[in-house]
Amino acid sequence: MMQNTNSGQVRAGLSFLVTVVALGAIVGLAGCDGGGSAGSGDTIKIGEFASLTGATASFGTASHNGAIMVIDAANAAGGVLGKKIKLITEDDQSKAGEAATAVRKLISRDRVVALLGEIASSRSLEAAPIAQQSKIPMVSPGSTNPNVTKVGDYIFRVCFIDPFQGTVMAKFTLNSLKKTRVAVLTDVRQDYSVGLSQYYKDYLTKNGGTIISEQSYSSGDQDFKAQLTSVKAADPEVVFVPGYYNEVGLIVRQARELGMNVPILGGDGWDSPTLTQIGGPALENTFFSNHFSVEDQNPVIQNFVRDYRERFKKDPDGMAALGFDAAKVLLDAMTRAGSTEPAKVRDALAATVDFQGVTGKISIDPERNATKPAVVLAIKDGGFHFAETIAP
Ligand code: PHE
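Reading the values: rules and limits
Residues numbered from 1 in each chain as written. Predicted model: local features only at pLDDT ≥ 70, side-chain atom pairs only at ≥ 80, totals over all residues. Heavy atoms only, no water. Pairing = 2+ DSSP bridges. Helix = DSSP H or I, 4+ residues; strand = E, 2+ residues; numbered from the N terminus. Axes fitted to C-alpha atoms, helices over the stretch in contact; angles between N-to-C directions. Contact = heavy atoms within 4.5 Å. 1 Å grid on protein atoms, 1.4 Å probe; cavity = no way out; pocket = protein on both sides within 12 Å on 5 of 7 lines; lining within 4 Å. Points joined across faces, edges and corners; volume = space filled by probe spheres on them. Nonpolar A, V, L, I, M, F, W, Y, C, P; charged D, E, K, R; others polar. Domains from an automatic or database assignment. Buried < 20%, exposed > 50% of the residue type's maximum accessible area, 1.4 Å probe, protein only.

### Looking at the sheet that holds strand β4 (residues 138–140)
1) Next: What the five strands build is an open sheet, ordered β2-β1-β3-β4-β5; its pairing is parallel. Strands at the two margins of the open sheet, each flanked by one partner only, are β2 (84–91) and β5 (155–157). Between one strand axis and the next, the sheet turns by 25 degrees as a mean value, whatever way the strands run.
2) Next: Relative to β5, β4 runs parallel, the two sharing three bridges. Within β5, the residue paired with M138 across the bridge is I155.
3) Next: Contacts from helix α3 (residues 98–108) reach β1 (43–50), β2 and β3 (114–116) within the one sheet, and its direction differs from that of β1 by about 170 degrees.
4) Next: Its contacts with the sheet place helix α4 (residues 121–134) against β1, β3, β4 and β5, and it is angled at close to 165 degrees to β4.

### Considering empty space enclosed by the protein
1) Next: Here the structure, examined in full by the defined rule, presents two cavities of 30 Å³ or more.
2) Next: Each pocket or cavity is described by its volume, and for the largest cavity that value is around 120 Å³.
3) Next: Tallied by class, the residues present in the lining of the largest cavity amount to six nonpolar, seven polar and two charged.
4) Next: Here the lining of the largest cavity spans two domains, since at least three of its residues come from each of domain 1 (40–160 + 297–373) and domain 2 (163–290).
5) Next: In this model, the second largest cavity occupies a volume close to 40 Å³.
6) Next: Taken together, E48, F49, S63, A67, L116, G117, I119, P141, G323 and A326 make up the full set of residues lining the second largest cavity.
7) Next: Contributing elements (two or more residues each) for the lining of the second largest cavity: β1, α2 (57–76) and α12 (318–337).
8) Next: Grouping the constituent residues of the lining of the second largest cavity by class yields six nonpolar, three polar and one charged.

### Details of the environment of A233
1) Next: Tracing the backbone shows A233 in helix α8 (residues 225–234).
2) Next: Linking A233 and S213, residues 20 residues apart in sequence, is a C-alpha distance of 9.2 Å.

### A word on unusual backbone geometry
1) Next: Cis geometry marks the peptide bond from G117 to E118; its omega dihedral reads -20 degrees.
2) Next: Among the structural elements, E118 can be located in the loop between β3 and α4.
3) Next: Of note in the backbone geometry, K178 takes a positive phi value of approximately 55 degrees without being a glycine.
4) Next: Along the chain, K178 turns up in the loop between α6 (162–176) and β6 (181–187).
5) Next: The exposed category is assigned to K178, whose relative accessible area is 63%.
6) Next: Of note in the backbone geometry, R368 takes a positive phi value of approximately 70 degrees without being a glycine.
7) Next: On the basis of relative accessible area, R368 is assigned to the buried category, the value being 15%.

Structure (structure tokens):
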């Protein structure tokens, strides 16, 4: 018992230091302004847990960028309820187990009043029970697995969920590509991938499609030739790979190397600039569902894209947009609650209706999810291009 506690504290201290250094590098130590020391009453402390480093570093970095845009703008305009916001960010390094550690620390050491995070569903699923037990509202920007918000009434998200996302890509397969014979490759280490495969297959097979090959892999794998050889032998018209961008980039490349030139489809987990670095020209004729397109001419989106480019010198991806919306929805709830008391913020979050975000209009439903359309993006010449919008 003693030993566990001690090593826990050492780890906590170390990763806190790493976080401070990482944050310093990313935001120029913006988190250290305003004299908002722990326990002082003149700041509102919001905790964020995100994958700033590790396998899915682009998810956490982008959502963090979106969140600090909102918080810096709110602070520049005088703060919320007359107080400055202090965002305390913990890097969970994209690792299983670290999200739970980060959230425990944010709640018990920093005494945050609300939490932003995570992106990957498996990491939200491990952190959510801690937030729920402590009755600290948690808003996930991008976790789409339905089980995340089922953890309890303090757990919210600002994105759609995978039963919808799976349907979107099954409809795209059947109605837009007009294909029916599909092979599916699932990352069995990710709740996200397992769920999304299932929902896709459910809709596809009930509407005239056939799954002719099912293969699995694990996050971190690099060689997919064995699975792809079986897939090729089944001769599918489409391959569905609802994974994260690192493995997807390699899978698409290796599929093309084996001579498979059929369309390859996926979900929001593809959304990262790193995907194109890994996949290169092999990504021609691939499509994925997402929360947002930089090509959307809606002025709300174009203003966000302009501000993001100005500050970070690159285009925002879907995670950046969701990180922005999650922070905005949370601050809006605090303002409407007239209080930062977690129970009151929870009630205000639950009452969010028609909030105009950059990922669409956000209304929180009774299951604490957001119902919104999805966009399908086509990858062409190394860029992500808007193909179509599919409504719920
Ligand atoms: N939806 C993914 C998950 O639940 C995370 C994700 C969201 C990835 C948005 C990219 C963009 O794991």
